[in-house]
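# Chains, contacts and geometry: an overview
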Amino acid sequence: MTPFDPVPVALDGPRVRLEPLDLVRHWQGLRDIGLDPALWRWTAAIITNEAELRRYLETALAEQRAGRALPFATIDGASGRVAGCTRFAAIEPAHGRVEIGWTWLGREFQRTHVNTGSKYLMLRHAFETWGCQRVELKTHVLNERSRAAMRRIGCVEEGVLRKHMRNERGESRDTVYYSIIDDEWPAVKARLERMITETSGGRT
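What counts and how
Residues numbered from 1 in each chain as written. Predicted model: local features only at pLDDT ≥ 70, side-chain atom pairs only at ≥ 80, totals over all residues. Heavy atoms only, no water. Helix = DSSP H or I, 4+ residues; strand = E, 2+ residues; numbered from the N terminus. Buried < 20%, exposed > 50% of the residue type's maximum accessible area, 1.4 Å probe, protein only. Contact = heavy atoms within 4.5 Å. Lys, Arg positive; Asp, Glu negative; His and termini not counted. Charge placed at Lys NZ, Arg CZ, Asp CG, Glu CD. Core = buried A, V, L, I, M, F, W, Y, C linked by side-chain atoms within 4.5 Å. Pairing = 2+ DSSP bridges. Axes fitted to C-alpha atoms, helices over the stretch in contact; angles between N-to-C directions. Phe/Tyr/Trp six-rings, centres within 6.5 Å; stacked < 30°, edge-to-face > 60°. Polar contact = N/O pair within 3.5 Å; in protein donor to acceptor, adjacent residues only side chain to side chain. Parallel < 35°, antiparallel > 145°, perpendicular 65-115°, else oblique. Left-handed = near helix turned anticlockwise from the far one by under 90°. Patch = residues over 30% accessible without salt bridge, like charges linked within 9 Å, V, L, I, M, F, W, Y side chains within 5 Å. Areas by Shrake-Rupley, 256 points an atom, 1.4 Å probe, with all protein chains shown as cover. Salt bridge = Lys/Arg side-chain N within 4 Å of Asp/Glu carboxyl O.

Across its full length, the protein holds five helices and eight strands. Secondary structure of the protein in N-to-C order comes out as β-β-α-α-β-β-β-α-β-α-β-β-α. Judged by the C-alpha coordinates and their principal axes, the protein covers about 40 × 40 × 35 Å. Put simply, the protein has 204 residues, and 47% of those count as buried. By sequence separation, contacts in the protein at least 24 residues apart represent 61% of the contacts at least 6 residues apart. Counting 31 positive and 27 negative side-chain charges, the protein places the averaged centre of each group 4 Å from the other.

So this is what it looks like as structure tokens:
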């Protein structure tokens, strides 16, 4: 099997669009929603001002240039507004493995169709375009909302890595890993498509 080639690409769904991150086009929208302290409660990055947010996004683009990540701006299809940011990372073409993460959404877009729609687009791209055999997701072990969202879309919990990383303040965290593998994708895809249809009128 030929390893996948992770090049920047827009991913389109009926109600969500993922656009390759562009700091000229997307900066104002991301700045308007990205300084909410609640977004960064469980993350390794600590964002408290515009300069830190800018550096965070520039780091994502540097990872893209190095072939290690593909960051996106998440666009709400109904309003055309920037709803948040997400990315593919830990890209391992030789092993058919990629991680979905670094995902955050503005408050008004949380618990709506936006997260479900964006996960669907990314998983479909990973499995059906790249031919991945495994997609990983992870979060802080105490982030119950994120953990519930991962289970809800059909991810399998694999375990906790104790003292797995430190945040930018030097505080240790335990990380819980989830995954979806290619054998599971057809069922997960059907589940997500049902969720998208059932929530077409509002919140998930």
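This paragraph deals with the nonpolar core. Formed by 32 residues in total, the largest nonpolar core has its most connected members in Phe88, Val98, Leu123, Trp130, Val135 and Leu192. When residues of this core are traced back to their parent elements, those giving at least two are strand 2 (16-20), strand 3 (70-76), strand 4 (82-92), strand 5 (97-105), helix 3 (113-129), strand 6 (134-140), strand 8 (172-181) and helix 5 (185-198). Per-element accounting of this core gives the leading share, six residues, to helix 3. Other than its neighbours up to four places away in sequence, Leu192 contacts Thr116, Tyr120, Leu123, Ile153 and Trp185.

This brings us to the sheet that holds strand 6. Pairing within the open sheet is mixed, and its eight strands lie in the order 1-2-3-4-5-6-8-7. Strands with a single pairing partner mark the edges of an open sheet, and in this sheet they are strand 1 (11-12) and strand 7 (156-166). Examined bridge by bridge, strand 5 and strand 6 share three bridges and lie parallel to one another. Bridging from a neighbouring strand, Val98 pairs with Val135 of strand 6. Packed onto the sheet, helix 1 (residues 27-34) meets strand 4 and strand 5 and runs at close to 100° relative to strand 4.

In total, this model carries seven aromatic pairs according to the counting rule given. When the ring of Trp40 is compared with that of Trp104, the centres are 5.3 Å apart and the planes differ by 55°; the resulting orientation is tilted. Highlighted residues: Trp40 in the loop between helix 1 and helix 2 (50-65) and Trp104 in strand 5, separated in sequence by 64 residues. Given a relative accessible area of 5%, Trp40 falls into the buried group. Take Trp104: its relative accessible area is 4%, and that puts it in the buried class. Arranged with centres 5.9 Å apart and planes meeting at 70°, the rings of Phe72 and Phe88 form a pair that is edge-to-face. Linking Phe72 in strand 3 with Phe88 in strand 4, this pair joins segments that are 16 residues apart in sequence.

The next thing to look at is the environment of Glu52. Mapped onto the secondary structure, Glu52 falls in helix 2. Leave out the neighbours within four places in its chain, and Glu52 touches Ile46 and Ile47. Only 2.6 Å separates the side chain of Glu52 from the backbone nitrogen of Thr48, close enough to count as a polar contact.

Where helix 3 contacts helix 5, the two axes come as close as 10 Å, and the packing angle between them is 155°. As the angle between them shows, helix 3 and helix 5 are arranged roughly antiparallel. By crossing handedness, the relation of helix 3 to helix 5 is classed as left-handed. For the pair helix 3 and helix 5, contact is made by Thr116, Gly117, Tyr120, Leu123, Arg124, Phe127 and Glu128 and by Trp185, Lys189, Leu192, Glu193, Met195 and Ile196, respectively.

This next bit is on a positive patch on the surface. Where like charges cluster on the molecular surface, the positive patch consists of Arg111, Arg145, Arg152, Arg191 and Arg194. The set of elements that each furnish at least two residues to the positive patch consists of helix 4 (144-152) and helix 5. With respect to the helices, strands and loops of the structure, Arg145 is situated in helix 4.

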